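Tertiary structure, described
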Amino acid sequence: MAVRAIRGAIQLDSDDRDHLLRSTAELISKALHANEIDTEALISVMFTATPDVTSEFPALAARELGLGDVPLMCAVEMNVPGAMPRVIRLMALVETDTPRKYIQHTYLRGAAALRLDLAQ
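As the structure is a computational prediction, the values presented were derived from the model and not from experiment. Sequence order as written defines residue numbering, which begins from 1 separately in each chain. Reporting of local features is limited, given that this is a predicted model, to residues whose pLDDT is at least 70; pairs of side-chain atoms are given and counted only at 80 or more, and all residues count toward the totals for whole chains, interfaces and linings. Where side-chain values are given, they derive from all heavy atoms of the structure, hydrogens and water being excluded.

Under the scheme used here, helices are H or I runs from DSSP no shorter than 4 residues and strands are E runs no shorter than 2 residues, and both carry numbers assigned from the N terminus. From N to C terminus, the protein chain includes 2 helices and 5 strands. Mapped in sequence order, the helices and strands of the protein chain form the string β-α-β-α-β-β-β. Radius of gyration means the value over C-alpha atoms here, while the globule rule gives 2.2 Å times the residue count to the 0.38 power. Against the compact-globule benchmark of 14 Å for 120 residues, the protein chain has a radius of gyration of 14 Å, which places it among compact chains. For the protein chain, the C-alpha atoms occupy an extent of roughly 40 × 30 × 20 Å along the three principal directions. By residue count, 40% of the 120 residues in the protein chain fall in the buried class. When contacts within the protein chain are restricted to residue pairs at least 6 apart in sequence, long-range pairs at least 24 apart make up 85% of them. Looking at the protein chain as shown, the accessible area adds up to about 6,700 Å², and 53% of this sits on carbon and sulfur atoms. The positive count covers Lys and Arg only, the negative count covers Asp and Glu only, and His and the chain ends enter neither. Note that the charge is assigned to NZ on lysines, CZ on arginines, CG on aspartates and CD on glutamates. In the protein chain, the 12 positive side-chain charges and the 16 negative ones have mean positions that sit 7 Å from each other. Buried means the residue's accessible area, taken with a 1.4 Å probe over protein chains only, is under 20% of the maximum for its type, while exposed means over 50%, and partly exposed covers the values in between. Here a residue-residue contact requires only that any non-hydrogen atoms of the pair lie within 4.5 Å. Surface accessibility in these figures is a Shrake-Rupley result with a 1.4 Å probe; residues are shielded only by whichever protein chains are displayed.

So this is what it looks like as structure tokens:
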């Protein structure tokens, strides 16, 4: 087993609490599914949100998915002029036999423009 990082992001349509929770849950679920990761293989998940996202902590969506025993952390993304608004990012550390080059990173909705080389 090796420790691998899975990255991902999703752009919100609006900074609405329910929309944030649904969208973050979608991002988590798709990132884990794409990499065939069981929740027992999760080491930790770090979330960032752009400064314009204030309606809820993205980690709550992970807890609501049953990841309450996984270390979770939220932080504010750098406030760079011209950056894409309303973006939630994640970096999940996992234990897996998958080689790094085969890890599938998940960029959804408008956030696909952040990494066109990786977007689904």
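Salt bridge, as used here: a side-chain nitrogen of Lys or Arg that lies within 4 Å of a carboxyl oxygen of Asp or Glu. Considering all chains together, one arrives at 4 salt bridges under this definition. For Glu56, the salt bridge is made with Arg17, and the minimal N-O distance between the two is 2.6 Å. Taken together, the positions of Glu56 in the loop between β2 (42–49) and α2 (59–64) and Arg17 in helix α1 (residues 17–34) put the pair 39 residues apart, joining distant regions of the chain. Here Glu26 and Lys30 are joined by a salt bridge, their closest N and O atoms 3.1 Å apart. Remark: Lys30 and Glu26 occur in helix α1; sequence separation between them is 4 residues, near one turn of the helix.

With respect to the secondary-structure elements, Asp97 resides in the loop between β4 (87–96) and β5 (106–108). Sequence-wise, Asp97 and Leu12 are 85 residues apart; in three dimensions their C-alpha atoms are separated by 32 Å. Here a polar contact is taken to be a pair of N or O atoms separated by no more than 3.5 Å, where protein atoms must pair a possible hydrogen donor with a possible acceptor and residues adjacent in sequence count only if both atoms sit in side chains. A polar contact is formed between the side chain of Asp97 and the backbone nitrogen of Met1, at a distance of 3.4 Å.

A separate point is the pairing of β2. Strand pairing is assigned whenever DSSP identifies at least 2 bridges connecting the two strands. With 7 bridges joining them, β2 and β4 adopt antiparallel strand pairing. Across the sheet, Met46 pairs through a bridge with Met91, a residue of β4. Pairing analysis gives 5 bridges linking β2 to strand β3 (residues 72–76), with the strands arranged parallel. When the sheet's bridge partners are listed, Met46 is paired in β3 with Met73. By definition, the crossover connecting two strands over a helix is right-handed if that path, from the first strand to the second, turns clockwise as seen with the strands pointing away from the viewer. The parallel pair β2 and β3 is bridged by α2, and the resulting crossover is right-handed.

Time to look at the sheet that holds strand β1 (residues 2–11). Ordered by their spatial adjacency, 5 strands build an open sheet running β3-β2-β4-β1-β5, and the pairing between neighbours is mixed. With one partner strand each, in any of the chains shown, β3 and β5 form the two edges of the open sheet. Pairwise comparison of adjacent strand axes, ignoring direction, gives a mean angle of 15° for this sheet. Whenever a helix is involved, its axis is fitted only over the stretch in contact; in every case the axis is a line through C-alpha atoms, and angles between N-to-C directions fall within 0 to 180 degrees. Relative to the sheet, α1 contacts β1, β2, β4 and β5, its axis offset from that of β5 by approximately 145°.

Our next topic: the layout of surface pockets. Within this scheme a cavity is a closed region of a 1 Å grid, computed over the protein atoms alone, that accommodates a 1.4 Å probe without allowing it to escape, whereas a pocket is open but has protein on both sides within 12 Å along at least five of seven lines; lining residues each have an atom within 4 Å of a point. Grid points are joined across faces, edges and corners, and a volume is the space filled by probe spheres set on the points. Estimates place the volume of the largest pocket at around 150 Å³. Lining of the largest pocket is provided by 13 residues; of these, Ala49, Val53, Glu56, Phe57 and Pro58 occupy positions nearest its centre. Elements that contribute at least two residues to the lining of the largest pocket include exactly β2 and β3. Basically, the charged four are Asp, Glu, Lys and Arg, the nonpolar ten are Ala, Val, Leu, Ile, Met, Phe, Trp, Tyr, Cys and Pro, and anything else, Gly included, counts as polar. For the lining of the largest pocket, the per-class residue count stands at 9 nonpolar, 3 polar and 1 charged.

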